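# What the coordinates show
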Amino acid sequence: MPELPEVEFCRRAITGWMSGRQIVTVDVLDPRVVREARTDRPSAGSDSAARRMQHIATSRSGELMRHGKRLLWRFERGALLLHLGMTGRWTRGASRFAKVVLTLDNGDHLTFHDPRILGGVVPFDDFEAASAALKEGLGPDALRDPLPPLVGKRAIKLVLMDQTVVAGIGNVQAMEALWRAGIHPSRAAQSLSSREHERLAAAVLVQLHATLDLLGPGDEITYVEEPGGPNPFPLYQRDGEPCPTCGTTLATFRQGGRGTWWCPGCQPSDTGRK
Ligand SMILES: [Zn+2]
């Protein structure tokens, strides 16, 4: 599912496709994805929200912003909050899962696909309200802002994935960053020394930039965790393989309902703190 790098990839792709262009037609093929309010759960869209989206999106297009995994697309008549959910993506061209098709003034199409309909679009007439919704309930952005203090007894990996603490990091980015930092994913967040926190902050940035580099400058994307999806990551789903850094056999366990991969050599459980 998309995490910060995939959403940032989407932001850059749409920005590139739109440069100097206007949207002339908005076809909402499935009104379930255009909603009155932001939600992280499946919820019904509405025809009136779809009409408002058409009104807003056909006005002059402005900047596309990102905070964590959310996008905000500014227009002269308001803004659209874009949320990819688990399987949403924006592409050029058609698909049988197309939910919304935007036609540009050069005839190009931008299409929102979402087989599971957890992502979508929320139209805002008022830009201030839209800006507030972009950050509502989210911690600082994992790519742009300093990593905040990570406190409490919860496992450090789960705290990193808590969007109210830091926005944008999901399962894959969290485990890979912890491996880069040499910190066991089950360590209590509050047990990290200030030096480990610094190391983790640096590792998060290296990890996010490394994933952005892997995604490349193109405009098509397949998410990891999708069947048949690519796996360019050194740790994710590689239990039984040697750690690329130290050669120790990589291991896996369940954590918060999700798989965690780790290196027993690089990530000692609660000893070897430096
Ligand atoms: Zn290792």
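All figures in this text were calculated on a predicted structure; none of them were measured in a lab. (Residues numbered from 1 in each chain as written. Predicted model: local features only at pLDDT ≥ 70, side-chain atom pairs only at ≥ 80, totals over all residues. Heavy atoms only, no water.)

We now examine the nonpolar core. Core analysis: the largest hydrophobic core is formed by 34 residues, its most contacted members being Ile14, Trp73 and Trp90. Taken together, the elements giving at least two residues each to this core come down to helix H1 (4-18), strand S1 (23-28), helix H2 (47-57), strand S3 (70-75), strand S4 (78-83), strand S6 (98-104) and strand S7 (109-113). Listed in part, the 24 residues of the second largest apolar core include Leu147, Leu150, Ala189 and Leu200. (Core = buried A, V, L, I, M, F, W, Y, C linked by side-chain atoms within 4.5 Å. Buried < 20%, exposed > 50% of the residue type's maximum accessible area, 1.4 Å probe, protein only. Helix = DSSP H or I, 4+ residues; strand = E, 2+ residues; numbered from the N terminus.)

What follows is about helix H6 (residues 194-215). The first and last C-alpha atoms of H6 sit 32 Å apart over 22 residues, in line with the 32 Å expected at 1.5 Å per residue. Within H6, burial applies to Glu196, Leu200, Ala203, Val204, Gln207, Leu208, Thr211 and Leu212. For H6, the angular spread of the buried residues around the axis is 165°, confining them to a single face. Every exposed residue of H6 that faces more than 90 degrees away from the buried side is listed here: Ser194, Arg195, Glu198 and Asp213. Summarising the contacts, the buried residues of H6 are in contact with H1, helix H4 (156-160) and helix H5 (171-181). (Expected span 1.5 Å × (residues − 1). Arc of directions from axis to C-beta. Contact = heavy atoms within 4.5 Å.)

Spatial ordering of the open sheet is given by S2-S3-S4-S8, a layout of four strands whose pairing is antiparallel. Strand pairing shows two members of the sheet lacking a second neighbour, strand S2 (61-67) and strand S8 (120-124), which therefore form its edges. On average, each strand axis in the sheet is inclined to that of its neighbour by 20°, with strand direction left out of account. Summarising the sheet, S3 and S4 pair through six bridges and their orientation is antiparallel. Looking across to S4, one finds that leucine 71 is bridged to leucine 82. Set on the sheet, H2 makes contact with S3, S4 and S8; between it and S8 the angle comes to about 70°. This element, helix H3 (residues 127-135), spans S2, S3, S4 and S8 of the sheet and lies at about 170° to S3. (Pairing = 2+ DSSP bridges. Axes fitted to C-alpha atoms, helices over the stretch in contact; angles between N-to-C directions.)

Coordinates in, geometry out; function isn't part of it.
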